[in-house]
Amino acid sequence: MSEKEFNFVSKYSVDDPRLGKLLVEDFESADIVLVGFPHDEGVRRNGGRVGAANGPASFRKFLPKMGALVNIEYGYDIRHLRIHDSGDIDPDHELSLEQCHELLKQKVAHIISEGKLPFVIGGGNDQSYANAAGLMDTLDCESVGVINIDAHLDVRPLKEGKVHSGSPFYLLLEDGSQTFNINV
């Protein structure tokens, strides 16, 4: 992220800070850690429309401008939070999707073990299993409750033994997790 983007200030008013003001360079001071997962191989494997790999870059483009940090109606004030962007998992696409999932799982586990909240930006929905697996490994639990708001249940079995965008919640169910799907 460039220095100009990192120090974004709302052009509308100094009384209207945006998420760009919460971004910090160092991991240690962060409360929330962004992780990009710029992959859509799982979407391709599932016969879907590719393009999800652009998600992290698109999200980062608009993140500094998003607001508001204070919501008087609901009494929320998030100006105290600090967000660190840890970059992308395999941005050059040199690894297999399964290797990327393993790296994401390890990254999520590390972030949680450091007392921070991971915020993963995909990419295809296939990464959802790696997210939950990182959480389950860190908390040393056998199951985790997951709420998925999606147009599809994403509980389809693997295709030719490979994960795809329709299988992350199938894998969670296979692991014994409680998964709740809300379809819209």
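In this text, all values refer to a predicted model and were calculated from it rather than measured experimentally.

**Q** Explanation requested: the overall build of the chain in the structure shown.
**A** Counting secondary structure elements, the chain contains six helices and eight strands. Traced from its N-terminal end to its C-terminal end, the chain shows the element sequence α-β-β-α-α-β-β-β-α-β-α-β-α-β. A total of 184 residues make up the chain; the buried ones form 39% of that total. Look at the contacts in the chain between residues 6 or more apart in sequence, and 71% of them connect residues 24 or more apart. As presented, the chain carries roughly 10600 Å² of accessible surface, and 52% of it is formed by carbon and sulfur atoms.

**Q** What is the right way to look at helix α4 (residues 97-113) in this model?
**A** Quick reminder: α-helices carry 3.6 residues per turn. Residues three or four places apart thus point the same way. Here α4 spans 24 Å end to end across 17 residues, near enough to the 24 Å set by a 1.5 Å rise per residue. A positive phi of about 80° marks glycine 115, the residue just after α4.

**Q** Before we go on, may I ask you to explain the pairing of strand β2 (residues 32-37) in this structure?
**A** Along a regular strand, successive side chains alternate from one face of the sheet to the other. Here β2 lies mainly inside the structure; six of its six residues are buried. The alternating pattern of β2 places Ile32, Leu34 and Gly36 on one face and Val33, Val35 and Phe37 on the opposite face, and all of these are buried. As judged from the four bridges shared by β2 and strand β5 (residues 83-88), these two strands associate in the parallel manner. Across the sheet, the residue bridging to glycine 36 is aspartate 88, located in β5. Note that β2 and strand β6 (residues 117-122) share six bridges and pair parallel. In the sheet register, valine 35 faces β6, and the bridge partner there is valine 120.

**Q** How do you make sense of the nonpolar core when you look at a structure like this?
**A** Nonpolar side chains in soluble globular proteins generally cluster together in the buried interior. Counting 16 residues, the largest nonpolar core has Val33, Val35, Phe37, Ile89, Leu104 and Ile111 as its most contacted members. Where this core is concerned, the elements lending two or more residues are β2 and α4. Broken down by element, this core gets its largest block of residues, six residues, from α4. The residues touching valine 33, leaving out its near neighbours within four places in the chain, are Phe27, His84, Ser86, Ile111, Lys116, Leu117, Pro118 and Phe119. With 10 residues, the next largest nonpolar core counts Leu63, Leu69, Leu81 and Ile83 among its residues.

**Q** Where do I start with the packing of aromatic side chains in this structure?
**A** Geometrically, a pair of aromatic rings is defined through the distance of the ring centres and the angle of the planes. Scanning all chains against the criterion turns up two aromatic pairs. Centre to centre, the rings of phenylalanine 59 and phenylalanine 119 are 5.7 Å apart; their planes meet at 25°, and the pair counts as stacked. Separated by 60 residues along the polypeptide, phenylalanine 59 in helix α3 (residues 55-62) and phenylalanine 119 in strand β6 bring together distant segments of the chain. The ring of phenylalanine 27 has lysine 116 sitting right over it, with the charged end atom 5.3 Å from the ring centre.

**Q** Any chance you could explain the sheet that holds β2 here in plain terms?
**A** Strand pairs in the sheet, formed through backbone hydrogen bonds, run parallel or antiparallel to each other. Taken in spatial order, the four strands make up an open sheet running β1-β5-β2-β6, and their pairing is parallel. One side of each edge strand has no neighbouring strand; the edge strands of this open sheet are β1 (23-24) and β6. As defined by bridge partners, β1 adjoins β5 across two bridges and the pair is classed as parallel. Bridge assignment links leucine 23 to a residue of β5, and that residue is isoleucine 83. Across the sheet, α4 is in contact with β2, β5 and β6; its angle to β2 comes to roughly 180°.

Definitions and limits used
Just so you know, the residues in each chain are numbered from 1, in the order the chain's sequence is written. Under the rules for a predicted model, residues below a pLDDT of 70 receive no local features and side-chain atom pairs below 80 are neither given nor counted, while totals for whole chains, interfaces and linings still include all residues. Processing note: side-chain calculations cover all non-hydrogen atoms of the structure and skip hydrogens and water entirely. Helix and strand labels come from DSSP, where a helix needs a run of H or I of at least four residues and a strand needs a run of E of at least two; each type is numbered from the N terminus. Relative accessible area decides the class of each residue, using a 1.4 Å probe on protein chains only: under 20% of the type maximum gives buried, over 50% gives exposed, and in between gives partly exposed. Residues count as neighbours in contact if any of their non-hydrogen atoms are within 4.5 Å of one another. Note on areas: Shrake-Rupley with a 1.4 Å probe; residue coverage comes only from the protein chains shown. One less than the number of residues in a helix, times 1.5 Å, gives the span that helix is expected to have. A pair of strands is labelled paired if DSSP reports no fewer than 2 bridges between them. Remark: nonpolar core denotes a set of buried residues (Ala, Val, Leu, Ile, Met, Phe, Trp, Tyr, Cys) joined through side-chain atoms within 4.5 Å. Any Phe, Tyr or Trp ring, taking Trp's six-membered ring, that has another such ring centre within 6.5 Å forms a pair; planes under 30 degrees apart are called stacked, those over 60 apart edge-to-face, and the others tilted. Definition used: whenever NZ (Lys) or CZ (Arg) falls within 6 Å of the ring centre and also within 35 degrees of the ring normal, the charge is taken to sit over that ring. The angle between two axes is taken between their N-to-C directions and runs from 0 to 180 degrees, where each axis is a line fitted to C-alpha atoms and a helix contributes only its stretch in contact.

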